Amino acid sequence: MVDERKDGSYGTPQKYDPAFRGPIYNRGCTDIICCVFLFLAIVGYVAVGIIAWTHGDPRKVIYPTDSRGQFCGQKGTKNENKPFLFYFNIVKCASPLVLLEFQCPTPQICVEKCPSRYLTYLNAHASEDFEYYKQYCLPGFQKNKGVAEVLRDGDCPAVLIPSKPFAQRCFPAVHAHKGILMVGNETTYEDGLGSRKNITELVEGAKKASGILEARQLAMRIFEDYTVSWYWIIIGLIIAMVLSLLFIILLRFLAGIMVWVMIVMVILVLGYAGILHCYMEYARLRGEAGSDVSLVDLGFQTDFRVYLHLRQTWVAFMIILSIVEVIIILLLIFLRKRILIAIALIKEASRAVGYVMCSLLYPLVTFFLLCLCIAYWASTAIFLSTSNEAVYKIFNETSCPVAGKTCNPETFPSSNESRLCPGAHCQFAFYGGESTYHRALLGLQIFNVFMFFWLANFVLALGQVTLAGAFASYYWAMNKPDDLPAFPLFSAFGRALRYHTGSLAFGSLLLAIVQVIRVILEYLDQRLKAAENKFAKFLMSCLKCCFWCLEKFIKFLNRNAYIMIAIYGTNFCTSARNAFFLLMRNIIRVAVLDKVTDFLFLLGKLLIVGSVGILAFFFFTHRIRIVQDTAPSLNYYWVPVVTVVIGSYLIAHGFFSVYGMCVDTLFLCFLEDLERNDGTPERPYFMSLTLKKILNKTNKRQAEA
């Protein structure tokens, strides 16, 4: 098999440097311009946050507000005794606009209690039920208009539906539609404007919001389960942490066994379960009527099970599986040395983690910084979304020179606009604003999302450079662990922040731009789902696929560029180019190592998550007991089980992310070692004895000794 390219097609190998002994300490700042841009962007991000916190009011999300922006049930207000918010038309709350604006585009008032029965304004207008109905009309409403005028002006809702409070808001009761359909045996109601509307349509729209009520009781029970099982959940997560650490330690001794067992099992499964099974099916069909029909004669059939009754089908399966089996065996023969190199690097990574144990705690630092980014982004987004104000506009039946202009409902009766148009009304129009700030809200939200991606990727990049610097110090120590620096992790962290903030900002900026574009494409794709333009859908699918691939490639390139930055202290572009060319010169080794490590990490995650998950399942279902009656009584046993499983996966992923970074760093260092050195006393190899043995390499001084 052709070995890795050495003809210079992918750059020139690193030249020998007698002063090089691992990560360079005397280095300079890189990509200063990007560092300045990041600083200015953070300053701007802080300014956006301050502006949002000044104008926004998150109480609009937590506490209900009526159409005039007054909070319901708050002490010191005229709505102090009206704690619940009532929506005139709850169907409009199902609009996607609510997710962006945190407001329903319908009049809202504060009420003492939610409606308890079905009633239309048309029926209540001329009956004794009017006093009951009146409390759900706008404050100060008087019965001095006709039905059509009241509903046209939005003074009262067209219909009341039995509702229940949730989060201080009135939502239609889950089974309210059954009672509605029985009232007077009517299936329609008069809206007061000359048309009759189907009541089932109204209820079906209301049921979109009423699903929240079903979640209320579920949420309370889940919360109760957490209160009685939280300490057992923590114990389960601690067990997952211990198992993750043990697995990493055991890889030093069992990596080779697990890889070769996996390879042998694949060969046996293909050989026995595949080829042998096909032959047995072929022999079983011998003599059966119709089994000798050829695939060509049968043609295409929609029921694919028909083909399983043909002997020719199983012959085709046998040939295909035999070819795959032969290819796998040939690949193993030619790639056996590279598989051994991958196993040796994995074992060496386990030793490196053992010598730099504090690296296993670094994911906590990354997690903390990511939590800060998420918290700042979420709080800024909420403050920006709640910066909108209730906008009132002038409405009038006839032509009016001031119709459509904004107004103040408090001062409108005595204003000039009221005198110009005596029949006009100042009504709630929407939540928004017409100032420069309100017009810029969408742009500020996009900037908020962009900065979140940039800072989150920067935090991840900082962790990768820090770990790479620590593990590179281990590899380039001639006498391990005696030549290892005292605090390799802290030294690498300091170098990354002091010299390479700009390079980290550059790499994370590229990734953030692609991720924001993907978010925009997803938004456009959601908007185009209802469209019938097949070409637009095809183009959107192609763009989404291309940018997904681009994001994966940039992540791969950034990861290896950060390793080169940690070792040599070069800028981002130079490091990315050198890392890419180095990997391309050793592309077969890269592919083998990638697949072997992917398998081991998948096996480790399945082992840890499966073991802890099964243990949690048996414990919380009372099938095993540590001591008498230790498992708590739960409403839903799956609540702590799912929590333990998800937490175990995150813990295992955190440990293996450190281990994976160690493997990738040692691999690049190993490739650099092969190109830089030749084993002479002046240029000795830094690789482990196992790797030297696999490659038949020796340091001449050691060989002579």
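Whatever comes next refers back to the structure up there.
Reading the values: the criteria
Residues numbered from 1 in each chain as written. Predicted model: local features only at pLDDT ≥ 70, side-chain atom pairs only at ≥ 80, totals over all residues. Heavy atoms only, no water. Disulfide = S-S within 2.5 Å. Helix = DSSP H or I, 4+ residues; strand = E, 2+ residues; numbered from the N terminus. Salt bridge = Lys/Arg side-chain N within 4 Å of Asp/Glu carboxyl O. Buried < 20%, exposed > 50% of the residue type's maximum accessible area, 1.4 Å probe, protein only. Polar contact = N/O pair within 3.5 Å; in protein donor to acceptor, adjacent residues only side chain to side chain. Contact = heavy atoms within 4.5 Å. Axes fitted to C-alpha atoms, helices over the stretch in contact; angles between N-to-C directions. Parallel < 35°, antiparallel > 145°, perpendicular 65-115°, else oblique. Left-handed = near helix turned anticlockwise from the far one by under 90°. Nonpolar A, V, L, I, M, F, W, Y, C, P; charged D, E, K, R; others polar.

1. Points about the state of the cysteines
Counted under the stated rule, the structure contains three disulfides. The residue that forms a disulfide with Cys-72 is Cys-110, at a sulfur-sulfur distance of 1.9 Å. Its torsion about the S-S bond being -75°, the disulfide of Cys-72 and Cys-110 is classed as left-handed. Of the two residues, Cys-72 sits in the loop between α2 (59-62) and β1 (84-87) while Cys-110 sits in strand β2 (residues 108-111), which places them 38 residues apart along the sequence. Each disulfide pairs two cysteine sulfurs, and for Cys-114 the partner residue is Cys-170, the sulfurs being separated by 2.0 Å.

2. Regarding the pattern of salt bridges
For the structure shown, the criterion picks out ten salt bridges. With its nearest N and O atoms 3.5 Å apart, the salt bridge here joins Lys-544 to Glu-522. A residue pair is termed long-range when its members are at least 10 positions apart, and Lys-544 in helix α17 (residues 534-568) and Glu-522 in helix α16 (residues 501-528) qualify at 22 residues. Among the residues examined, Glu-522 registers a relative accessible area of 33% and is labelled partly exposed. Among the ionic contacts, a cluster of salt bridges with common partners joins Arg-518, Glu-551 and Lys-555.

3. Regarding the side chain of Thr-466
The residue Thr-466 is located in helix α14 (residues 441-475) in this model. In this structure the side chain of Thr-466 is engaged in a polar contact, spanning 2.7 Å, whose partner is the backbone oxygen of Leu-462. Aside from chain neighbours lying at most four places away, what touches Thr-466 is Tyr-362, Leu-489, Ala-492, Phe-493 and Ala-496.

4. Considerations on the packing of α14 against helix α15 (residues 488-499)
Two numbers describe how α14 lies on α15: the axes approach to 8 Å, and their chain directions differ by 130°. Comparing the axis directions of α14 and α15 gives the class oblique. Viewed along their axes, α14 and α15 form a crossing whose handedness is right-handed. Judged by residue contacts, Leu-462, Val-465, Thr-466, Leu-467, Gly-469, Ala-470 and Ser-473 of α14 engage Pro-488, Leu-489, Ala-492, Phe-493, Arg-495, Ala-496 and Leu-497 from α15. Looking at the contact of α14 with α15 residue by residue, the classes come out as ten nonpolar, three polar and one charged.

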